[in-house]
Amino acid sequence: MMAAATGDEYVRDSVKDYYGKRLKSAKDLKTVSCKTTPTGLPKPVREALSDIHDEVVRRYYGCGLVIPEQVKGIRILDLGSGSGRDCFALSKLVGENGYIVGIDMTDEQLEIANQYIDYHRDKFGYKKSNVEFVKGYIEKLTEAGLKENSFDAIISNCVVNLSPDKKAVLREAYKVLKVGGEVYFSDIYCDRNLPESARKHEVLWGECISGALFWKELFSLAKEVGFSTPRMVSVSPVPITQPEFKEVIGDAQFVSVTYRLFKLPETKQPARQVIYNGEIPGHETELKFDFAVTFKKGDLVPVDSELSTILDSSRYKEEFEFQPAGKMCCSPTTKMELNPFEYMEILKKDGKLPAPSCC
Ligand SMILES: C[S@@+](CC[C@H](N)C(=O)[O-])C[C@H]1O[C@@H](n2cnc3c(N)ncnc32)[C@H](O)[C@@H]1O
């Protein structure tokens, strides 16, 4: 158990110790939280992941897929990049003109990641690497030298739950993102506010469980910081079965969810209709934007003001034709604030998530 000291510094030191000294590979993890394996990946993503060096893959501790679409040529920041698996995969996907920065606070993790920069540069045939790893805290991105308004996207895989100050993480992410940029991240969420006793368990904190947010809190934090409503991309179960851990967490349930949140311009676009052009590599017939919205190539889709603004201000703009709102009775993007645990139950029963019904 964590000792009396529970300040932010203590929590971060304990996590550094966990990822720097205690874990040597994913086999050392005590729970399934940091080793989920997503399926149904688009071909370019599958290929990029298969190019990653084995040593980097062995030290991958992620809980979801954090590779968004349409990344050619963009600048991406990875919060808590670890041994760099997602950074190297994205290095290939953004191409030589894109750029990836990974930030992590743990020397041992940074050392592994830095060791494989040249390997992946050669593998992808780049003259100069387009990946850089920076030492620093995800709660203090600007202090670590990252410039405001300088990234098109931020990813993070099973890290925000380890932070003792999640609002600071979102606030800093908002600062370094360009307008129209997004945070596309996977994290562990809880179905309740955990009691203090569960919060102080050192191993469960290191395993991304004790620091998990009550899912509703993400929505209020995102709003306070200025982001758009979090849009759920995927959800998977994180069962905690070991009796010694169950004793600590009681009936609390956990899921891993990938959400996307956008930094939007002040001026919002009206609700409109849009047509996807089918030109994003790996998404030629349809673009699954989140669990509720899939754009099929050539189909006219009504979008509410928020999604209309997201598409208009982001890297997706050129991929859509925008038309005035028709006679839509409702947009498929209503009711976004959904309980991922309810959806998890439906997923277990029916095998797939239903899109919210419209009209
Ligand atoms: C569960 S691992 C995930 C690593 C990587 N994203 C992956 O998918 O393999 C968590 C990583 O986040 C880093 N980390 C945790 N809290 C951090 C913080 N407050 N600031 C910077 N890095 C942090 C740890 O050092 C560790 O490398």
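Located above this text is the structure these notes cover.
Here the structure is a predicted model, which is why all the values come from computation and not from measurement.

A few words on the overall build of the chain. A count of helical and extended segments in the chain gives 13 helices and 13 strands. Relative to its 359 residues, the chain shows a buried fraction of 57%. Residue pairs in contact within the chain that sit at least 24 positions apart in sequence constitute 80% of those at least 6 positions apart. A total of about 15,600 Å² of accessible surface is found on the chain, and carbon and sulfur atoms cover 50% of it.

Buried within helix α7 (residues 166-176) are the following residues: K166, A168, V169, L170, E172, A173 and V176. Against the buried residues of α7 lie β1 (75-79), β4 (151-157), β5 (177-190), β6 (213-214), α10 (215-225) and β8 (254-262).

A few words now on the pattern of salt bridges. This model, assessed by the stated rule, comprises 23 salt bridges. With its nearest N and O atoms 3.1 Å apart, the salt bridge here joins R85 to D86. With respect to class, R85 is no different from D86; both count as buried. Notably, a salt bridge pairs E182 with R260, separated by 2.7 Å at the nearest N-O pair. Taken together, the residues E182 in strand β5 and R260 in strand β8 connect sequence positions 78 residues apart.

To continue, consider helix α1 (residues 8-22). Given a rise of 1.5 Å per residue, 15 residues ought to cover 21 Å, and the 20 Å separating the end C-alpha atoms of α1 matches this to within 8%. For α1, the full list of buried residues reads V11, R12, S14, V15, Y18, Y19 and G20. Residues of α1 that are buried sit in contact with α5 (107-115) and α9 (202-206).

Turning to the packing of aromatic side chains, a few remarks are in order. Under the criterion given, the structure shown has 15 aromatic pairs. Consider the rings of Y19 and Y61, whose centres lie 5.5 Å apart with planes at 55°: the pair is tilted. Pair noted here: Y19 is in helix α1 and Y61 is in the loop between α3 (54-58) and β1, with a separation of 42 residues, a long-range link. For the pair Y19 and Y61, one class covers both residues: buried. When the centroid spacing of 6.1 Å and the interplanar angle of 15° are considered together, the rings of F262 and F289 count as stacked.

Further remarks concern empty space enclosed by the protein. Evaluated as defined, the whole model comprises three cavities of 30 Å³ or more. Looking at the largest cavity, its volume works out to about 400 Å³. Along the walls of the largest cavity sit 31 residues, with G80, S81, G82, D104 and V159 positioned nearest its centre. Taken together, the elements giving at least two residues each to the lining of the largest cavity come down to α1, β1, α4 (85-94) and β2 (99-104). Broken down by element, the lining of the largest cavity gets its largest block of residues, three residues, from α1. Its residues placed into classes, the lining of the largest cavity shows 13 nonpolar, eleven polar and seven charged.

A few words now on the site of the ligand. Surveying the vicinity of the ligand reveals 22 residues, the closest of which are Y61, G80, D104, T106 and Q109. T106 is positioned such that a nitrogen or oxygen atom in its side chain is 2.5 Å from an oxygen atom of the ligand. Q109 places a polar side-chain atom, nitrogen or oxygen, 3.0 Å from an oxygen atom of the ligand. A molecule is said to occupy a pocket when more than half its atoms come within 2 Å of that pocket's grid points, and by this definition the ligand occupies the largest cavity. Sorting elements by how many residues they give to the shell around the ligand places α1 first, with three residues.

Once that is clear, we can look at unusual backbone geometry. Despite not being glycine, Q70 shows a phi value in the positive range, around 60°. You can see Q70 is positioned in the loop between α3 and β1. Among the residues examined, Q70 registers a relative accessible area of 19% and is labelled buried. One non-glycine residue with positive phi stands out, namely C158, at about 65°. Here C158 lies in the loop between β4 and α7.

To continue, consider the packing of helix α2 (residues 43-50) against α4. Their axes nearest at 9 Å, the elements α2 and α4 cross at an angle of 125°. Taken together, the axis directions place α2 and α4 in an arrangement best described as oblique. The two elements α2 and α4 meet at a crossing, and its hand is right-handed. Contacts from P44, V45, E47, A48 and L49 in α2 reach R85, A89, K92 and L93 in α4.

Rules of the game
- Residues numbered from 1 in each chain as written.
- Predicted model: local features only at pLDDT ≥ 70, side-chain atom pairs only at ≥ 80, totals over all residues.
- Heavy atoms only, no water.
- Helix = DSSP H or I, 4+ residues; strand = E, 2+ residues; numbered from the N terminus.
- Buried < 20%, exposed > 50% of the residue type's maximum accessible area, 1.4 Å probe, protein only.
- Contact = heavy atoms within 4.5 Å.
- Areas by Shrake-Rupley, 256 points an atom, 1.4 Å probe, with all protein chains shown as cover.
- Salt bridge = Lys/Arg side-chain N within 4 Å of Asp/Glu carboxyl O.
- Expected span 1.5 Å × (residues − 1).
- Phe/Tyr/Trp six-rings, centres within 6.5 Å; stacked < 30°, edge-to-face > 60°.
- 1 Å grid on protein atoms, 1.4 Å probe; cavity = no way out; pocket = protein on both sides within 12 Å on 5 of 7 lines; lining within 4 Å.
- Points joined across faces, edges and corners; volume = space filled by probe spheres on them.
- Nonpolar A, V, L, I, M, F, W, Y, C, P; charged D, E, K, R; others polar.
- Near = heavy atom within 4 Å.
- Polar contact = N/O pair within 3.5 Å; in protein donor to acceptor, adjacent residues only side chain to side chain.
- Sits in = over half its atoms within 2 Å of the grid points.
- Axes fitted to C-alpha atoms, helices over the stretch in contact; angles between N-to-C directions.
- Parallel < 35°, antiparallel > 145°, perpendicular 65-115°, else oblique.
- Left-handed = near helix turned anticlockwise from the far one by under 90°.

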